Amino acid sequence: MLLSWSFWASSGWLELCAGLALFLFGMQCLEEGLRQLAGSTLEQLLARSTATPFKGLMFGVSGTMLLQSSTLVSLLTIAFISTGLIKLAGGIAILFGANLGSTTGIWLLALAGQNVSLSPLALPLLVFGVLASFSGDKGKAAGRIVLGIAFIFLGIDQIKTGFSSFGGMDLSQYHAGGLTGQLLFVGIGLLATVVLQSSHATLMLTLTALAAGQLDLTQALATAIGANVGTSVTTAFVGSLGGNRSGQRLALAHVLFNVTTAILAIALLVPLAWLVQWLVAPLGLGENRLIQLALFHSLFNGMGVLLFWPWQTQLANVLLRVLPERAEPTVLITELTPTPADGVTHARYLNERALDSADAAASAVAQELQHLARLSLEVICHALYLPVEQLRQQGRVDEALLHARPEAQALDAEHLYQRHIKGVYSDLLTFMGRLELPLDESHQAFWVNCQVAALQLVDAVKDAKHLQKNLGLYLRQDDSAARQAYVELRRQLLESLREIRALNHSELPDELWRERLNWLDERAAHFDAEFRRRLFESIRNHKLDGLQTSSLMNDLGYASRIIQSLRNALLLGEGHELTRQLRQLAADDGPVIVQP
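An unreviewed UniProt entry lists the protein chain under the name Na+/phosphate symporter, from Stutzerimonas stutzeri.

Below you can see the structure in the form of structure tokens.
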């Protein structure tokens, strides 16, 4: 309501805000069009661009030049580093490049000048952009790019018109000769960038105000410094929300770089302003304050890169010490359980920023599937009334443990399913359903495999819930043929769980890995046949009655489906290279997640 009243009170203010809205909308169109047109090409380039620090720097520069958004490149880099696709040192180099690349936008705006109207160029671009949107997905993406450029041009002209007619914003009277004045305009630039979520928009306003005489050059330079710091605020906020240590380290690196560069630029503001004047004077641009502002922006960002470049390794090491990986205790249930009001375990590796990239999203889903697999194995182990530590044991199974009666405080599989499986599975499906990026054939196949693998894990836990009822009933009874049969089922499942877990962490070559999986299949089929034979032999010998045999046949089916479901989930994950790499990197002595 206040904004509406301000539009009614001042037409110049309305024109200024309308121009800013057009400019920001054009930036959004340009970003969306480029991402849709590129598909996963940008992600593939990012993954390959960190082979050397220089390649990372150049990717940051070129990516920001293309997308005209250093914030977007920074957030995309956080998504990749959070999911383990790139290393911290490579991410730092990309951030340096993003800051350098952000200077290209202000150069284009400054070179256009205040006397050049871009509206005549914008009008035909609007027509071509709309026409292109009717020619398929690629045409629609290309049309989005053209429309974005057109709206940016219209916004620039509208902002110029708004400043010329809006007389209530003359800040030139507030001279920034002292430190207090400089910090004031640094704060204005920072706040504007945080609110508008675009340093380009802040710099566009600064350029226009400078050309209209509503800012003097020193004030404009201080505002540009603040806009640079403002870009790291968004990165820091997203990095802190993600909860991933790698993303937090990169966000902190961005803040340290921008804040240190800003402090240095403020301290050297007068010498840098003099250097800018000295550089432009031979070119006859001593009176062109727009070019001077663009040159200053490039100089202090370049100065920051030169300052930090030799210390990249040391900076990464400091960040690793300041923000080390969280030490995972043996029992994680208290860490995984959210608020008491919820009481449900949720996904650990799925974060909002991963949805910005198909590869980052795929990596996050692959890690979350590993998390769900660990939870599923442990819940099944509890359904067998066995300690989770038995999953990691080697050699023969402890016979005394297999024949032992369930403890009174044994956990119920239904409760474990509701608390530790259902929430993670729900989060996984929700995350996968929210991905809106175009996917190539390999990513689509991976997505389907992940959905099926998650379903197989959940089905295995559900079968274990049904099995636990009769298993607990007969294990609590005195020794009998029925109890002995359930002990054999218990043995078969525990040995199979161990084998599946070993395969999930194995570093065997593909051929040997497949042979071991085939051996698991043959062993399970042999056990089924022998178990059925012994059941009917026990009926003939009057050791089992029909009711007991019926229960055992049903529970044999549950046990077979548990092994088959886990085996299928393992095989589906093995079919994608990313999941294979994650399986090889997984720690074999991972902590127990669910424990009484």
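Asker: Help me understand the overall build of the protein chain, please; the structure alone is not making it clear to me.
Answerer: Secondary structure summary: the protein chain contains 24 helices and 0 strands in total. Put simply, the protein chain has 596 residues, and 52% of those count as buried. Taking as baseline every contact in the protein chain between residues at least 6 positions apart, the subset at least 24 positions apart corresponds to 81%. Looking at the protein chain as shown, the accessible area adds up to about 27000 Å², and 62% of this sits on carbon and sulfur atoms.

Asker: Please explain the packing of aromatic side chains as it appears in this structure.
Answerer: In this description, a pair of aromatic rings is defined by centroid distance and the angle of the planes. For the coordinates displayed, the defined rule picks out 9 aromatic pairs. For the ring pair Phe-96 and Trp-309, a centre distance of 6.3 Å and an interplane angle of 50 degrees mean the geometry is tilted. Highlighted residues: Phe-96 in helix 6 (residues 88-112) and Trp-309 in the loop between helix 14 (289-308) and helix 15 (312-322), separated in sequence by 213 residues. Linked through ring pairs, Phe-96, Phe-257, Phe-308 and Trp-309 together constitute an aromatic cluster. Sitting over the face of the ring of Tyr-417, Lys-465 holds its NZ or CZ atom 4.3 Å from the ring centroid.

Asker: Would you take a moment to explain the packing of helix 12 (residues 245-267) against helix 14 for this structure?
Answerer: Working note: a packed helix pair is described by the angle between its axes plus the distance between those axes. In contact at an axis separation of 9 Å, helix 12 and helix 14 are set at 120 degrees when each is read in the N-to-C sense. Between helix 12 and helix 14, the crossing angle belongs to the class labelled oblique. You can see that helix 12 and helix 14 cross each other, and the crossing is right-handed. Contacts from Leu-256, Phe-257, Thr-260, Thr-261, Leu-264 and Ala-265 in helix 12 reach Phe-300, Asn-301, Met-303, Gly-304, Val-305, Leu-307 and Phe-308 in helix 14.

Asker: Please clarify how the environment of Glu-499 should be interpreted in this entry.
Answerer: Locating Glu-499 in the fold gives a position in helix 21 (residues 481-505). We classify Glu-499 as buried; its relative accessible area is 13%. Spatially, the C-alpha atoms of Glu-499 and Arg-516 are 9.0 Å apart, while their sequence positions differ by 17 residues. Aside from chain neighbours lying at most four places away, what touches Glu-499 is Arg-516, Trp-519 and Leu-520.

Asker: What am I meant to see in the pattern of salt bridges here?
Answerer: For side chains bearing opposite charge, pairing can occur when the charged atoms are close. Counted under the stated rule, the structure contains 10 salt bridges. With a closest N to O distance of 2.7 Å, Lys-465 and Glu-414 form a salt bridge. Here Lys-465, found in helix 20 (residues 441-475), pairs with Glu-414, found in helix 19 (residues 413-434); they are 51 residues apart in sequence, far enough to count as distant. Overall, the relative accessible area of 14% leaves Lys-465 in the buried class.

Asker: Sorry if this is basic, but what is going on with the UniProt feature "transmembrane region" (unreviewed entry) in the protein chain here?
Answerer: Per the UniProt record, "transmembrane region" (unreviewed entry) is found at residues 57-81, 88-110, 116-134, 141-159, 179-196 and 255-278. For residues 141-159, the end-to-end C-alpha separation is 27 Å, with 100% helix and 0% strand making up the annotated structure. For the annotated span residues 255-278, helix accounts for 96% and strand for 0% of the residues, and the straight-line distance between the end C-alpha atoms is 31 Å.

Asker: Help me understand helix 9 (residues 179-196), please; the structure alone is not making it clear to me.
Answerer: Each turn of an α-helix holds 3.6 residues, which means side chains three or four residues apart point in the same direction. Taking 1.5 Å per residue as the helical rise, helix 9 with its 18 residues ought to reach 26 Å, and the 26 Å between its terminal C-alpha atoms agrees with that figure. By the burial criterion, the buried members of helix 9 are Gly-181, Gln-182, Phe-185, Val-186, Gly-189, Thr-193 and Leu-196. Along the axis of helix 9, the buried residues cluster in a sector spanning 140 degrees; they form a single face. Opposite the buried face of helix 9, by more than 90 degrees, sit the exposed residues Leu-179, Thr-180, Leu-191 and Val-195.

Asker: Teacher, can you tell me more about unusual backbone geometry here?
Answerer: A negative phi holds for most residues other than glycine; trans holds for most peptide bonds. Positive phi outside glycine occurs at Tyr-385, with the angle close to 60 degrees. Along the chain, Tyr-385 turns up in the loop between helix 17 (358-383) and helix 18 (399-403). In this structure Tyr-385 comes out as buried when scored by relative accessible area, which is 17%. Here His-542, not a glycine, exhibits a phi torsion of approximately 60 degrees, which is positive. Judged by its relative accessible area of 73%, His-542 is exposed.

Asker: Hey, could you run me through a nonpolar patch on the surface in this one?
Answerer: Among the surface-exposed residues, Leu-2, Trp-5 and Trp-8 lie close enough to one another that they form a single nonpolar patch of about 490 Å² accessible area. Within the fold, Trp-5 resides in helix 1 (residues 2-9). According to the relative accessible area criterion, Trp-5 is exposed, its value standing at 53%.

Asker: Would you take a moment to explain the side chain of Gln-292 for this structure?
Answerer: Tracing the backbone through its elements, the reader meets Gln-292 in helix 14. With relative accessibility at 1%, the residue Gln-292 sits in the buried group. A polar contact of 3.0 Å, which involves the side chain of Gln-292, links it to the side chain of Gln-277. Not counting the four nearest positions on each side in its chain, Gln-292 is found in contact with Leu-217, Val-276, Gln-277, Val-280, Leu-285, Gly-286 and Glu-287.

Asker: Which parts of the structure should I look at to understand the nonpolar core?
Answerer: For soluble globular proteins, nonpolar side chains are generally found buried alongside one another. In this structure, Ile-92, Val-365 and Leu-566 are the most contacted members of the largest nonpolar core, which totals 100 residues. Residues lining this core come from more than one domain, with at least three contributed by each of domain 1 (1-166 + 179-322) and domain 2 (352-586). In contact with Leu-566, other than residues within four places in its own chain, are Leu-377, Ile-380, Leu-457, Ala-460, Leu-497 and Ile-500. One finds Leu-221, Val-229, Val-276 and Leu-295 within the second-largest nonpolar core, a separate group that totals 32 residues.

Asker: In this structure, what is going on with the packing of helix 13 (residues 269-280) against helix 14? I would like to understand it.
Answerer: As a packed pair, helix 13 and helix 14 sit with axes 10 Å apart at the nearest point and diverge in direction by 125 degrees. It follows from the interaxial angle that helix 13 and helix 14 lie oblique. Crossing geometry of helix 13 relative to helix 14 is assigned as right-handed. Within the contact between the two elements, helix 13 uses Leu-269, Leu-272, Leu-275, Val-276, Gln-277, Leu-279 and Val-280 and helix 14 uses Ile-291, Gln-292, Leu-295, Phe-296, Leu-299, Phe-300 and Met-303. For the contact of helix 13 with helix 14, the residue count by class is 12 nonpolar, 2 polar and no charged.

About the cut-offs
Residues numbered from 1 in each chain as written. Predicted model: local features only at pLDDT ≥ 70, side-chain atom pairs only at ≥ 80, totals over all residues. Heavy atoms only, no water. Helix = DSSP H or I, 4+ residues; strand = E, 2+ residues; numbered from the N terminus. Buried < 20%, exposed > 50% of the residue type's maximum accessible area, 1.4 Å probe, protein only. Contact = heavy atoms within 4.5 Å. Areas by Shrake-Rupley, 256 points an atom, 1.4 Å probe, with all protein chains shown as cover. Phe/Tyr/Trp six-rings, centres within 6.5 Å; stacked < 30°, edge-to-face > 60°. Lys NZ or Arg CZ within 6 Å of the ring centre and 35° of its normal. Axes fitted to C-alpha atoms, helices over the stretch in contact; angles between N-to-C directions. Parallel < 35°, antiparallel > 145°, perpendicular 65-115°, else oblique. Left-handed = near helix turned anticlockwise from the far one by under 90°. Salt bridge = Lys/Arg side-chain N within 4 Å of Asp/Glu carboxyl O. UniProt positions renumbered as here; feature names shortened; annotations may be inferred. Expected span 1.5 Å × (residues − 1). Arc of directions from axis to C-beta. Patch = residues over 30% accessible without salt bridge, like charges linked within 9 Å, V, L, I, M, F, W, Y side chains within 5 Å. Polar contact = N/O pair within 3.5 Å; in protein donor to acceptor, adjacent residues only side chain to side chain. Core = buried A, V, L, I, M, F, W, Y, C linked by side-chain atoms within 4.5 Å. Domains from an automatic or database assignment. Nonpolar A, V, L, I, M, F, W, Y, C, P; charged D, E, K, R; others polar.

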